[in-house]
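So you can see what is in the structure, the chains are spelled out below.
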Amino acid sequence: MAIEVIKPGLATSVQDAGRPGYYNIGIPISGGLDQYSLRAANLLVGNDEGAAVLEATLLGPELLFRQAAIVAVTGAEAAPKLNGKPQPRNESFAVRANDRLGFDFMRAGARIYIAIAGGIDVPPVLGSCSTYALGALGGFAGRKLAAGDVLSTGAAKPSARAGRALAADLVPAYPKSLELRVLPGLYFHRITDESAKSFFEDTWTVAPEADRIGYRFRKGRALVFRERKQPFGAGSDPSNIVDAGYPYGSIQVPGGLEPIILHRDAVSGGGYAMIGTVISADMDRIAQMQPNNLARFVEVNMDGALKARAEYKNQVARLTASLR
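Residues numbered from 1 in each chain as written. Predicted model: local features only at pLDDT ≥ 70, side-chain atom pairs only at ≥ 80, totals over all residues. Heavy atoms only, no water.

(A) Inspection of the side chain of Gln 252 at higher detail. Relative to the assigned elements, Gln 252 resides in strand E16 (residues 250-252). Take Gln 252: its relative accessible area is 8%, and that puts it in the buried class. Engagement of the side chain of Gln 252 in a polar contact is seen with the side chain of Tyr 246, the distance being 3.4 Å. With sequence-adjacent residues up to four places away left out, Gln 252 is seen in contact with Tyr 246, Glu 258, Pro 259, Ile 260, Leu 262, Tyr 272 and Ala 273. (Helix = DSSP H or I, 4+ residues; strand = E, 2+ residues; numbered from the N terminus. Buried < 20%, exposed > 50% of the residue type's maximum accessible area, 1.4 Å probe, protein only. Polar contact = N/O pair within 3.5 Å; in protein donor to acceptor, adjacent residues only side chain to side chain. Contact = heavy atoms within 4.5 Å.)

(B) Representation of the packing of aromatic side chains within the structure. On inspection of all chains with the given rule, the structure shows 6 aromatic pairs. Ring geometry for Phe 188 versus Phe 200: centroids 6.0 Å apart, planes at 45°, classification tilted. You can see Phe 188 sitting in the loop between strand E12 (177-184) and helix H2 (193-201) and its partner Phe 200 sitting in helix H2, a full 12 residues away along the chain. The same class applies to Phe 188 and to Phe 200, which are both buried. Plain terms: the ring middles of Phe 199 and Phe 200 are 5.0 Å apart, the flat faces sit at 75° to each other, and that makes the pair edge-to-face. (Phe/Tyr/Trp six-rings, centres within 6.5 Å; stacked < 30°, edge-to-face > 60°.)

(C) The arrangement of the pattern of salt bridges in detail. Counted under the stated rule, the structure contains 21 salt bridges. Across the pair Arg 100 and Glu 62 runs a salt bridge, and its minimum N-O distance is 3.0 Å. Here the residue Arg 100 occupies a position in strand E9 (residues 100-103), and Glu 62 occupies one in strand E4 (residues 62-65), the gap between them amounting to 38 residues. A relative accessible area of 37% places Arg 100 in the partly exposed class. Taking relative accessible area as the criterion, Glu 62 reaches 19% and is therefore assigned buried. With its nearest N and O atoms 3.0 Å apart, the salt bridge here joins Arg 226 to Asp 193. One end of the pair, Arg 226, is in the loop between strand E14 (214-218) and strand E15 (240-245); the other, Asp 193, is in helix H2, and 33 residues separate them in sequence. (Salt bridge = Lys/Arg side-chain N within 4 Å of Asp/Glu carboxyl O.)

Structural data, given as structure tokens:
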């Protein structure tokens, strides 16, 4: 089935569950920034959980369907519109040949996930259909979508049908202010005690530059790094270190000014100290933060991080069970 991109939106790309296993050679995991919403969209249309979908950021695309299809939209609060008529979010619906699918603006949340029964059909690269635009890898021609692109889909499964919906308690909320749990990292001791305190006390604001590579935060107090003798191979700023690997979700603060949380398209290493890591259970929540949304960082220990991960996995299991 062919789907023509009439308007691409602000940043729409093909994403699936991701490309694990290549971080050691500098290729990030990529995939949907909000993995929960990606799974939900796929399950609603009868796809495998990690099938390729469209991820749209802040402004959705306009798509022309050349054949009938079953579609579901999850994630940010942006009403789908079929030929101008509103359609339900978090519920599969039917699309007829020559229908146009567009979207209202995103009232809350930053990313929607558009699943089509059969999945988006693009050639897998290193085992994944996900777009890694910084490396021009995967997805549709290694880039975000543009007007005039024509997408193909696979064959829908017999289980695909309209009217399958998420239960209310499985639909995430997208508040404009939230708490992000952080496990202090290997270089947390490099900031002063006063800065360590202010990092967790201050309210931080998402910067406009936030994207799939990293989320930048502003308006908290600058962090002061302890003076040290410059190590061989490290930059001169106290926030610099000898190059090291960057964990997914790690927080760096170049020059002590603005924390950056590295997300699924981030480079795998570099020369900035990582003062902590956002726990895996909260990474989907970051993906749905709009510019100017607010966050507080909350310190947790390893036990707290593991407990949160188990709770997240339980929620995913409930989602899967409810739609299968």
